[in-house]
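Overview (structure and organization)
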Amino acid sequence: MALTRRDLLKSGVAVAATSSVSPLLLPRVAGAQGKRGGMLRVRGYDPPHFDPHQTLNFKTNTTLSFVHAKLVRHKVGAGVTPGSFIVEPDLAERWEELDDRTVVFYLRKGVRWQNRPPVNGRELIAEDVKFTYDRFLTEKANPLKYLLDPVDRVEVVDRYTVRFRLKEPFVWLANVLANPTGTWVVPREAVEKYGDLKRPESAIGAGPFILERYEPNVKTTFRRNPDYYGSPLPWVDGVEWIVMEDESVQLAAYSTGQIDAGGWHQWVVRQPDLPGLKKRRPDLVYQDFLSNVTNGIYMRTDKPPFNDVRVRRAISHAVDRQAIIDAVFIKGEPTPAIARGVPEWSPRIDQLGPGARYYRHDPKEARRLLAEAGFPNGLKTQLNCTPGYGNDLVDAFQLVQRQLKNSGIDATINLQEYGAYMSSTFNGKYEGLAVGPFSITWEPHSNLYGMYMPEQGRNSSHVSDPTIISMLKEQMRTKDLEARRKLIFDIQRYAAEQQYYVYLYCTGLTGSWQPYVKNYAPNSSFDYGNRSATLWLDR
């Protein structure tokens, strides 16, 4: 049976609203064409620590993706279109919605934890799921609690069945549980032994790989989990997750075959490096796609002068989005709240209605708005950012600073170490303005809910707007997919008028990998573990 993109969207995105999981979403394990063996060598990250419930740092979540599993996950493999995030079973073999406040997950039987102390390979059961999400919801340091804000409690029905009770209707539950950030199922014994999950030896999961060796700021080595429920996966014997922060080192390592995929974020090749690499290495595989990460400016909208919509609109007029794309990233698109790399949920700028006008680069109008707001001579502020995303982003930040100044906004750059930036500025603890990548979309709810609901750690601009809150609540209970999409578009149109966040652009990317890497496709997800488990090396 041929499936259209719309069919896949309905089966994946709306699955939480169906009575039970579709057979089309059952895992497809690669068949005899897979080839066992070899070490996958790729660019990785050095996490600040290994506790998924005490950080929203992508370096922790990407590293943990090799070790852990979730109730449900996003489909991976060569057939997956970048920007599509289709939900399929992982630890849960199926799930069903009993009513609009009750969702039941049925676990696979015989799934075992990795055979390491103190868990020692015992069976993973419903109590483990309850323990995980109880900890997720009650851990005071968890900045990701907003993801499951509608969950009231998790109950054990029997050894292999868990029931999620909701405070209110929440059609996105399965999609949020598939998000590869903080939703990994973790063992009680590791928490009890170590007090938390920050140590590398506490990273014990039921995923495709076992953490064998952690060398801070050098690499993490994973080996194949022989007891993985998805056998014969993984095909590779292991993965070397190599820390490479310098762009020239990344390019040299990839072009000389020292690593098996592009060395920049998401295993891509930087656009400035692409023409030369294609000339030297035409044998490599290349695939273009648009990022699902939104870059932009956020600000203290709870304080003057940014509580004035005229000032916020002036900031938006001040920035020349296309000039930044052309000068730094070469490819990309100006974007609304949901990155254009997820087109099913992201309107084009010309579809934003009255708010589209504020995307026009117009320094004269910016100065007029500032004067109208009481700043005829412009204003001074601070622009917080981090070099932790690489030199290209720093170049973009400096361009933003110059463009702001040309429109009467004198912003002094405050460059913060990445860890400090994530724990302070990214969590809303800053003054003035901040700039950087600040949202990633796998489904649109988490992005919008986190950034616009009051009292949420991800509400970096400190927004409190009853209109947006009402629309967010309505889309959470709307089962009809087209009606829900209209609400998501309406939220973004309203956001474009208010400019609580000055959304700038999402970048155009080119994924690349060695020709011997098979059954792989790029997708902007933190779940590198399942992508690595599904591919094989045909050297």
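See the structure shown above.
Below you will find a few notes about this structure.

Each value, and the rule that gives it
- Residues numbered from 1 in each chain as written.
- Predicted model: local features only at pLDDT ≥ 70, side-chain atom pairs only at ≥ 80, totals over all residues.
- Heavy atoms only, no water.
- Buried < 20%, exposed > 50% of the residue type's maximum accessible area, 1.4 Å probe, protein only.
- Helix = DSSP H or I, 4+ residues; strand = E, 2+ residues; numbered from the N terminus.
- Arc of directions from axis to C-beta.
- Polar contact = N/O pair within 3.5 Å; in protein donor to acceptor, adjacent residues only side chain to side chain.
- Axes fitted to C-alpha atoms, helices over the stretch in contact; angles between N-to-C directions.
- Left-handed = near helix turned anticlockwise from the far one by under 90°.
- Contact = heavy atoms within 4.5 Å.
- Nonpolar A, V, L, I, M, F, W, Y, C, P; charged D, E, K, R; others polar.
- Pairing = 2+ DSSP bridges.
- Phe/Tyr/Trp six-rings, centres within 6.5 Å; stacked < 30°, edge-to-face > 60°.
- Lys NZ or Arg CZ within 6 Å of the ring centre and 35° of its normal.

1. Observations concerning helix α14 (residues 466-476)
Along α14, the residues that are buried comprise Ile468, Met471, Leu472, Gln475 and Met476. Each buried residue of α14 sits inside an arc of 140 degrees when the element is viewed along its axis, so together they form one side. Its side-chain oxygen 2.8 Å from the backbone nitrogen of threonine 467, aspartate 465 forms the N-cap of α14.

2. Thoughts on helix α8 (residues 309-318)
Counting buried positions over the 10 residues of α8 gives eight, a clear majority of the element. Along α8, the residues that are buried comprise Val311, Arg312, Arg313, Ala314, Ile315, Ser316, His317 and Ala318.

3. Quick word on the packing of helix α9 (residues 321-329) against helix α11 (residues 391-406)
Two quantities define a packed helix pair, namely the angle between the helix axes and the distance between the axes. At a minimum axis separation of 10 Å, α9 and α11 run at an interaxial angle of 145 degrees. Taken as a pair, α9 and α11 cross one another with a handedness that is right-handed. Across from Ala323, Ile324, Ala327, Val328 and Phe329 in α9, the residues of α11 making contact are Asp392, Leu393, Asp395, Ala396, Leu399, Val400 and Gln403. Here the residues of the contact of α9 with α11 sort into nine nonpolar, one polar and two charged.

4. Overview of the side chain of aspartate 260
Relative to the helices and strands, aspartate 260 is located in the loop between α6 (247-255) and α7 (274-280). Residue aspartate 260 is classed as buried on the basis of its relative accessible area of 0%. In this structure the side chain of aspartate 260 is engaged in a polar contact, spanning 2.5 Å, whose partner is the side chain of tyrosine 516. When near neighbours in sequence (up to four residues on either side) are disregarded, aspartate 260 contacts Met39, Leu40, Arg41, Tyr254, Trp513, Gln514, Tyr516, Val517 and Arg539.

5. Quick word on the environment of proline 118
Topologically, proline 118 is positioned in the loop between β5 (102-107) and α3 (126-138). The residues touching proline 118, leaving out its near neighbours within four places in the chain, are Glu189, Ala190, Lys193 and Ile204.

6. With respect to the sheet that holds strand β6 (residues 151-158)
Read from one edge of the open sheet, four strands run β4-β5-β7-β6, paired in antiparallel fashion. Whereas interior strands pair on both sides, the edge strands pair on one side only; in this sheet they are β4 (92-99) and β6. Within this sheet the neighbouring strands show an average axis-to-axis angle of 20 degrees, counted without direction. Bridge count between β5 and strand β7 (residues 161-166): five bridges; the pairing is antiparallel. Bridge pairing in β7 links valine 104 to arginine 163. Docked against the sheet, α3 engages β5, β6 and β7, running at close to 165 degrees with respect to β6.

7. Section: the packing of aromatic side chains
In this description, a pair of aromatic rings is defined by centroid distance and the angle of the planes. Per the stated rule, a full pass over the model turns up 29 aromatic pairs. Taken together, a centroid distance of 6.3 Å and an interplanar angle of 50 degrees make the contact between tyrosine 133 and phenylalanine 136 tilted. Pair noted here: tyrosine 133 and phenylalanine 136 are both in helix α3, with a separation of three residues, about one helical turn. As far as the burial class goes, tyrosine 133 and phenylalanine 136 line up, both buried. Measuring from ring centre to ring centre gives 5.6 Å for tyrosine 133 and phenylalanine 164, while their planes differ by 65 degrees; the resulting arrangement is edge-to-face. Of the two residues, tyrosine 133 is situated in helix α3 and phenylalanine 164 in strand β7; the sequence distance between them amounts to 31 residues. The lysine or arginine in question, arginine 300, covers the ring of tyrosine 430, its NZ or CZ lying 6.0 Å from the ring centre.

8. Here's the deal with the environment of histidine 445
Along the chain, the position of histidine 445 falls in helix α13 (residues 444-452). A relative accessible area of 1% places histidine 445 in the buried class. Between the C-alpha atoms of histidine 445 and threonine 81, which are 364 residues apart in sequence, the distance is 21 Å. Non-local contacts of histidine 445, meaning those with residues more than four positions away in its chain, are made with Phe170, Trp172, Val176, Gly450, Gln475 and Met476. A distance of 2.9 Å separates polar atoms of two side chains, one belonging to histidine 445 and the other to glutamine 475.

9. Describing the sheet that holds strand β1 (residues 39-44)
With mixed pairing, the four strands of this open sheet are ordered in space as β1-β10-β9-β8. Bordering the open sheet on either side are β1 and β8 (209-215), each of which pairs with just one other strand. Averaged over neighbouring strand pairs, the angle between their axes works out to 20 degrees when direction is ignored. Bridging between β8 and strand β9 (residues 219-224) involves six bridges; their strand directions are antiparallel. Paired with glutamate 215 across the two strands is lysine 219, which belongs to β9.

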